[in-house]
Amino acid sequence: MSRGLDRFEEPAEPITVAHCAWCGREIYVGTEVKRLDDGGGFVHGEECAKDYAFERVYDAEGTITAQCDVE
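Residues numbered from 1 in each chain as written. Predicted model: local features only at pLDDT ≥ 70, side-chain atom pairs only at ≥ 80, totals over all residues. Heavy atoms only, no water.

Draft legend 1. Here's a closer look at the environment of proline 14. Within the secondary structure, proline 14 is located in the segment before strand E1 (16-19). On a C-alpha basis, the gap between proline 14 and isoleucine 27 in space is 9.4 Å, while along the polypeptide they are 13 residues apart. (Helix = DSSP H or I, 4+ residues; strand = E, 2+ residues; numbered from the N terminus.)

Pasting the structure below:
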């Protein structure tokens, strides 16, 4: 007797639904993500989210001078 497909059975391979906007790795069904408000993409993991946000929000990092430069 051949076994039919069970629509309630989990697929053998994870289903890729997106790619991380930061690192480009695949995002699978069930992966915890953060959705981006600047284009509808997704990032996964705290490290990808932090790096993605840092690149887009800040333009410098360091110590401020009396002339308001960042060194």
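Draft legend 2. Examining the side chain of histidine 44 more closely. Inspection of the secondary structure assignment puts histidine 44 in strand E4 (residues 42-44). Overall, histidine 44 belongs to the buried group, its relative accessible area being 8%. In this view, histidine 44 contacts Cys20, Cys23, Arg25, Glu26, Ile27, Thr31, Glu32, Val33 and Ala49; residues no more than four positions away in its chain are not counted. (Buried < 20%, exposed > 50% of the residue type's maximum accessible area, 1.4 Å probe, protein only. Contact = heavy atoms within 4.5 Å.)

Draft legend 3. How the structure looks around the nonpolar core. Counting residues in each nonpolar core, the largest one holds eight residues, listed as Ala18, Cys20, Ile27, Leu36, Val43, Cys48, Ala49 and Tyr52. Leaving out residues up to four positions away in the same chain, alanine 49 has contacts with Lys34, Val43 and His44. (Core = buried A, V, L, I, M, F, W, Y, C linked by side-chain atoms within 4.5 Å.)

Draft legend 4. View of unusual backbone geometry. You will see that cysteine 68, though not glycine, has its phi angle at about 65°, which is positive. Summarising the element assignment, cysteine 68 is placed in the segment after helix H1 (45-57).

Draft legend 5. How the structure looks around the packing of aromatic side chains. Tallying each qualifying case throughout the model produces one aromatic pair. Over the ring of tyrosine 52 we find arginine 56; its NZ or CZ atom is 3.7 Å from the centre of that ring. (Phe/Tyr/Trp six-rings, centres within 6.5 Å; stacked < 30°, edge-to-face > 60°. Lys NZ or Arg CZ within 6 Å of the ring centre and 35° of its normal.)

Draft legend 6. Spotlight on the environment of alanine 18. If you trace the backbone, alanine 18 turns up in strand E1. Assessed through its relative accessible area of 16%, alanine 18 is described here as buried. In this structure the C-alpha to C-alpha distance between alanine 18 and valine 43, which are 25 residues apart in sequence, comes to 9.2 Å. Apart from residues lying up to four places away in sequence, alanine 18 is in contact with Arg25, Glu26, Ile27 and Phe42.

Draft legend 7. The arrangement of a nonpolar patch on the surface in detail. On the surface, a nonpolar cluster with roughly 280 Å² of combined accessible area is contributed by Ile15, Val17 and Val29. Structurally, the position occupied by valine 17 is in strand E1. Residue valine 17 is classed as exposed on the basis of its relative accessible area, which comes to 54%. (Patch = residues over 30% accessible without salt bridge, like charges linked within 9 Å, V, L, I, M, F, W, Y side chains within 5 Å. Areas by Shrake-Rupley, 256 points an atom, 1.4 Å probe, with all protein chains shown as cover. Salt bridge = Lys/Arg side-chain N within 4 Å of Asp/Glu carboxyl O.)

Draft legend 8. Highlighting the pattern of salt bridges. Applying the stated rule across the entire model yields three salt bridges. A salt bridge links glutamate 47 to lysine 50; the nearest nitrogen and oxygen atoms lie 3.3 Å apart. Placement of the pair is glutamate 47 and lysine 50 together in helix H1, with a separation of three residues, close to one helical turn. Accessibility expressed as a relative area gives 48% for lysine 50, which makes it partly exposed. Its salt-bridge partner being arginine 56, residue glutamate 55 comes within 3.0 Å of it at the nearest N-O pair. The exposure class assigned to glutamate 55 is partly exposed, which follows from its relative accessible area of 48%.

All we've got here are geometric facts, nothing functional implied.
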